Amino acid sequence: MGIFDGLPISRDKAYLREELARIDESWAAARFDSLPHVVHILTSKDREGDAHLLKEQSDIIEEVVDEVVHAYHGGFNKAIQNYSQILRLFSESAQSIAVLKGDLGDAKKLLGAQNKQLHQLWYRSVTLRHIISLLDQLEGIAKVPARIEKLIADKQFYAAVQLHVQSTLMLEREGLQTVGALQDVRSELTKLRGILFYKVLEDMHDHLYNKGGYSSAVSSIDEMDDAVPTATAVAYFTNNTQTLSRRTRLLKGDNQFGSSGLGDGSFRASSIDGGSSFDGHDEDGTLDVQEDGMSKVNGGDATLKDVKLFSRQIPIWLSDATPDEFVETMRKSDAPLHVKYLQTMVECLCLLGKVAAAGAIICQRLRPTIHDIITTKIKSQAERSNSSRPGIGQAAQTGLTGLHYLKGQLESYQLLKQKKHQNGISLAGALLAVSPVSSVMSPSGTAQASAKELLDSILETVVRIFENHVIVGELLETKSAQQVDLNTPKSIVGESNWNHDPEASHDTGGYSIGFSLTVLQSECQQLICEILRATPEAASADAAVQTARLASKAPSKDKRDGSEDGLTFAFRFTEATISIPNQGVDLIRQGWSRRGPNVLQEGYGTAAILPEQGIYLAASVYRPVLQFTDKVASLLPQKYSQLGNDGLLAFVENFVKDHFLPTMFVDYRKGVQQAISSPAAFRPRAHAAACYTPSIEKGRPVLQGLLAIDFLAKEVFGWAQAMPKFAGDLMNYVQTFLERTYERCRTSYMEAVLEKQSYMLIGRHDVENLMRIDPASACLPNLPGQSNLVGNASDAETVEFEMQMSDLLFNLRPIKQENLIRDDNKLILLASLSDSLEYIADSIERLGKTSKKVYNQVEENGRLKTPRHSRTTSTAPKDLASFAEEYRKLAIDCLKVLRVEMLLETIFHMQEMTSRQYLDDQDAEEPDDFIISLTSLITRRDEEMAPFIAESKRKYIFGGICGVAAHAFIKALTDVTSINLFGVQQICRNSIALEQALAAIPSINSEAVQLKLDRVRTYYELLNMPFEAMLAFITEHEHLFTAAEYANLLNVQVPGRDIPFDARDRVSEILSR
């Protein structure tokens, strides 16, 4: 783009652009320097040619300049002409203004001369217009009663109240009070005020209890799609442009009859100076009441083009109402439909001046209505339950799923209740016999599920009702407070008589949010007392104190006649004895007070729906009441927040603390005592031919007493889960029961082992330490703080332990029979007691872990709760793991006694070898009598214990016999002075018999038994070898036996065997290598 591209050059001169493009742009520089160009020409070879070229460029530029001047010449001429025309117009305007000033001066002089006459004409015009307006309004007022009745029939209550108030104010105007033709209209309006009040209050009463057409239960369905019923309210405002008066322009947009402030209930006629009377000097912006419900400001006929239309989307019950501030507020409000409707009803009461009367009647009707709602709900639920009787099982199952927090903990016992014992005795019956409650009333019973479901449903209904009462209560209190600052003009207040009713006071007739909450909680408390079968005196002293505190917060009311029933409930406050003077009398005639406050309250009929009633239903009552209290607290306004700390929850908690928990403790203590003191409590109950099973559902032979205690403990824990706040107290009960049970188990254990050598031995420190390192102890459960150090013991360590244990027991010889437990029933009891104690210990551990979770959850919830609820939880329960440790330790002691007892029995029988001579003259066909006795005893006891104890524990009990017996066989040779071939064969036959008996026990390793007893037979067979052959054997197996054992082989006298005099030295030499 060149610097000459913007020049206005015509198309026929287009070649000039090309010529201009060839000119160097340096000629157009801001500071042109001609010297380089002069030097260039002077030094050029073709001076004439360069000069001619410059001449051509100069001609082109001059031609371009001519074109530009030609292009802009017309525009310059037109601009000059325009400026000339503007100057001419300004001159003419100045002349016209001078003439106008002169005319205005003349008009001013003329108007000043006729001012008084014009003022009189204007005043007469205003008076005539006012008279015409009054006549039109009187004609409209005569039709008002019929229109109000129509609006009432259409449930357009706010429009009817608006029309009534406006018409009443119209009749009180100056000049109309003495018109006799209007007396009938005044009388009808007075009657209609009472009817309107009754209708509004009746409709609000229905919506208070969710029975109306716009209640939350109904409107929630409509509001799902945000489809709020609306109608179009049209307001016409005149826009008269007449020059005779400025009245219509000043009043355009004002409310024709007065604007009702939001909730102040005051009305005044609109005028220019704020006055209320029409004395001829005020502007008469009066209302012309039309049949179609529209408002028109007088002052001239308005055409459609003078009317401005405003459409408002408002609720349908306000469709016929005159647009005002309240209607606009309802249109813009995002509140739910039922809230808007309640606000409208309260606004109607406020406009009628009936706030106090309405509050008094709501108070009067509150308790009977709530009682009827609860009773009706219970009856309907009972009818549904009866109609679905064939499916009652499914209903019960549904209820149980609602108590999922109990079901999981008691699953095994539900199976137990269905299980029959193998010997025909019903175990479920035995367990239920010790429980203080029936299966229906148990924590997972159908009565608990039904009570919780019923109470959840009723309390949810009460919460929704209370939500409505909070809305209405706040509004009524606000309205009554605003009546102190009424803006009603003094002329109306002084002359009107419709607003002088005594009930139109500055209060709400005793009605408040606190009162409604008190009555609602009182009815709920009576319902709970009926469910619990609690007498009215069930409220504790603490509850009575809280009742007095709550009563002091409520408005003072007259006390109900005490002859009703002679009893008082905590938090049950009687309603005020309501006096409804003047216009309230007609309400009584219309049936509002047919059921007075002193009517006796009958029961609720919960027995028809609950399988059983009683104090144990407190568990299912607690959680719904807790949730109810939280919901109520969330609904309460800030100034009533303290009410959330008192009332129904306090009553239930005091009832649980003062009545339910002590009763439960006594009942379950009796059950525990019955369980552990019955003859069958510690009687082994397994069938003789049964095999042990570790599953309680499949018949694990836990002692009936301990099984019953476990059942009771878990049942109490079920109550604790239902009432987490009292979990600490209930778990303390469980600990008390477990302590008693442990004492009973300890007593049973001591009865079996008292003054027996096995019991004394396990109490010795050396024996205890030795048994702790016993490799067989690996099967025993580890106690807290102990570790299993023998889990991977080597064979050498096992042999070393067996030798130490055998030497210790051998030192106890002679063992006397009276020091042994010869009664097999006691041994079976110890075995069964050990297994039962281990089962209870495992159960206690699981219970302890679950109780910790419950307690931690309660603590966490307590920290998260806002201060509005002062819920102090009970103290943390002692760790149940310590009880499990005690039970498990006693179970281990039982096993240790049984193991040591079998070892002592082995030594007791084997010690007879020392008194027997093995110089038989013939080969015996049977083992020795003591071996036969020992093997039969082992077989019998193993068979008797098999159903009561696990296989690993049987191995622990009988597993030490082989090692001790093998050591006894070899040790006995030191006491044998002489033995022959038949004697050796007899001892070998004894070892074979013992091996067969031990190998028959499934839990014992037969290969290990064979290996140990083969060593015994090898040892005794060395006695049949010549010395040289024995010496060769010792050389090859120098570590098979100890030096002392090899030496004993040389000490015994064997007929036919020669022992050199240096035999001991030669053996010692071989062993010392």
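Along every chain, residues carry numbers that run from 1 in the direction the sequence is written. Local features in this predicted model are restricted to residues whose pLDDT is 70 or higher, and side-chain atom pairs enter the listing and the counts only when it is 80 or higher, whereas totals over whole chains, interfaces and linings include all residues. Side-chain measures here rest on the full set of heavy atoms in the structure, leaving out hydrogens and waters.

Peer 1: What is the right way to look at the overall build of the protein in this model?
Peer 2: Each helix and strand in the protein was counted, giving 38 helices and four strands. Going through the 1073 residues of the protein one by one, you find that 48% of them count as buried. Contacts were defined at the residue level, with two residues in contact if any of their heavy atoms lie within 4.5 Å. Restricting the contact set of the protein to residue pairs at least 6 apart, pairs at least 24 apart contribute 81%. Secondary structure counts use DSSP, requiring at least four H or I residues in a row for a helix and at least two E residues in a row for a strand, with both numbered from the N terminus. Throughout, exposure labels follow a simple rule: accessible area from a 1.4 Å probe, protein chains only, divided by the maximum for the residue type, with under 20% read as buried, over 50% as exposed, and the rest as partly exposed.

Peer 1: Just to check I follow, could you spell out the packing of aromatic side chains for this structure?
Peer 2: What characterises a pair of aromatic rings is the spacing of the ring centres plus the angle enclosed by the ring planes. Aromatic rings from Phe, Tyr and Trp, taking only the six-membered ring of Trp, are treated as a pair when their centres fall within 6.5 Å; an angle between ring planes under 30 degrees marks them as stacked, one over 60 as edge-to-face, and anything in between as tilted. Overall, the coordinates contain 17 aromatic pairs when judged by the stated rule. Centre to centre, the rings of Y622 and F726 are 5.8 Å apart; their planes meet at 70°, and the pair counts as edge-to-face. Placement of Y622 in helix α22 (residues 618–635) and of F726 in the loop between α24 (704–722) and α25 (727–753) is noted, with a sequence separation of 104 residues between them. Given a relative accessible area of 3%, Y622 falls into the buried group. With 6.2 Å between their ring centres and 35° between their planes, F651 and F655 make a pair best called tilted. Placement of the pair is F651 and F655 together in helix α23 (residues 648–677), with a separation of four residues, close to one helical turn. When its relative accessible area of 2% is taken as the criterion, F651 is described as buried. Put simply, the rings of Y616, F660, Y668 and W719 pair up and form one aromatic cluster. Over the face of the ring belonging to Y956 we find R899, whose NZ or CZ atom lies 4.8 Å from the ring centre. The rule for a charge over a ring is simple: NZ of Lys or CZ of Arg within 6 Å of the ring centre, and within 35 degrees of the ring normal.

Peer 1: Explain the pattern of salt bridges to me, please; I cannot follow it from the model alone.
Peer 2: Where side chains of opposite charge bring their charged atoms close, a pairing between them can arise. Note on definitions: salt bridges are taken to be side-chain nitrogens of Lys or Arg within 4 Å of carboxyl oxygens of Asp or Glu. The full count for this structure, using the stated rule, is 32 salt bridges. Salt-bridge contacts for E460 lead to K631; the nearest nitrogen and oxygen are separated by 2.6 Å. Of this pair, E460 sits in helix α17 (residues 446–482) while K631 sits in helix α22, placing them 171 residues apart in sequence. Assessed through its relative accessible area of 36%, K631 is described here as partly exposed. Among the charged side chains, a network of salt bridges with common partners joins R822, D824, E905, R940 and R941.

Peer 1: Even after reading the chapter, I still don't get the nonpolar core, so can you show me in this structure?
Peer 2: Proteins that are soluble and globular tend to have nonpolar side chains buried together. By nonpolar core is meant a set of buried Ala, Val, Leu, Ile, Met, Phe, Trp, Tyr and Cys residues that side-chain atoms within 4.5 Å join together. Ranked by size, the top nonpolar core spans 244 residues in total, and within it F660, L809, I979 and Y1020 carry the most contacts. No other element matches the 17 residues that helix α30 (residues 881–910) contributes to this core. When neighbours within four sequence positions are excluded, L809 is seen to be in contact with L761, L903, L904, I907 and V964.

Peer 1: How should the packing of helix α5 (residues 144–153) against helix α7 (residues 183–208) be read in this particular structure?
Peer 2: Helix packing for two helices is described by the angle between their axes and how far apart those axes are. As a rule, the C-alpha atoms of each element are fitted with a line to give its axis, helices using only the stretch in contact, and angles between N-to-C directions run from 0 to 180 degrees. Running from amino to carboxyl end, α5 crosses α7 at an angle of 10°, the nearest separation of the two axes being 10 Å. Comparing the axis directions of α5 and α7 gives the class roughly parallel. Of the residues in α7, those touching α5 at V144, P145, I148, E149 and I152 are E188, L189, L192, I195, L196 and K199. Only Asp, Glu, Lys and Arg are considered charged, only Ala, Val, Leu, Ile, Met, Phe, Trp, Tyr, Cys and Pro nonpolar, and every remaining residue, Gly among them, polar. For the contact of α5 with α7, the class distribution of residues is eight nonpolar, no polar and three charged. Each angle gets one of four labels, with under 35 degrees taken as roughly parallel, over 145 as roughly antiparallel, 65 to 115 as roughly perpendicular, and the rest as oblique.

Peer 1: Please clarify how a negative patch on the surface should be interpreted in this entry.
Peer 2: Here the term patch refers to residues with relative accessible area over 30% and no salt bridge, with like charges joined within 9 Å and nonpolar side chains (Val, Leu, Ile, Met, Phe, Trp, Tyr) within 5 Å. Surface accessibility in these figures is a Shrake-Rupley result with a 1.4 Å probe; residues are shielded only by whichever protein chains are displayed. In summary, the charge assignment counts Lys and Arg as positive and Asp and Glu as negative, without counting His or the chain termini. Charge positions come from single atoms, namely NZ of Lys, CZ of Arg, CG of Asp or CD of Glu. A cluster of acidic side chains, namely E56, D59, E62 and D66, defines a negative patch on the protein surface. Mapped onto the elements, D59 comes out in helix α3 (residues 47–113).

Peer 1: What is the right way to read the layout of surface pockets from this model?
Peer 2: Here the idea is plain: a probe the size of a water molecule rolls over the atoms and shows the empty space left. Buriedness of a pocket was judged along seven lines, with at least five required to meet protein on both sides within 12 Å; pockets are open sets of points on a 1 Å grid over the protein atoms alone, cavities are sets where a 1.4 Å probe fits but cannot get out, and lining residues have an atom within 4 Å of a point. Grid points are joined across faces, edges and corners, and a volume is the space filled by probe spheres set on the points. Each pocket or cavity is described by its volume, and for the largest pocket that value is around 1200 Å³. For the largest pocket, the lining is made up of 43 residues, of which T798, V799, E802, A1008 and K1012 are closest to its centre. Among the secondary structure elements, those contributing two or more residues to the lining of the largest pocket are α28 (795–810), α30, α32 (951–958), α33 (961–972) and α35 (1006–1021). Ranked by residue count, the leading element in the lining of the largest pocket is α28, at eight residues. Residue classes in the lining of the largest pocket are distributed as 23 nonpolar, eleven polar and nine charged.

Peer 1: Is there a simple way to think about the packing of helix α19 (residues 513–532) against α23 in this case?
Peer 2: The interhelical angle for the contact between α19 and α23, taken along N-to-C directions, is 25°, at an axis separation of 10 Å. In terms of axis orientation, α19 runs roughly parallel to α23. α19 and α23 meet at a crossing whose hand is right-handed. Note on element contacts: α23 touches α19 through L648, F651, V652 and F655, opposite Q521, C524, Q525, I528, C529 and L532. Here the residues of the contact of α19 with α23 sort into eight nonpolar, two polar and no charged. By definition, turning the near helix anticlockwise from the far helix through less than a right angle yields a left-handed crossing, and turning it clockwise yields a right-handed one.

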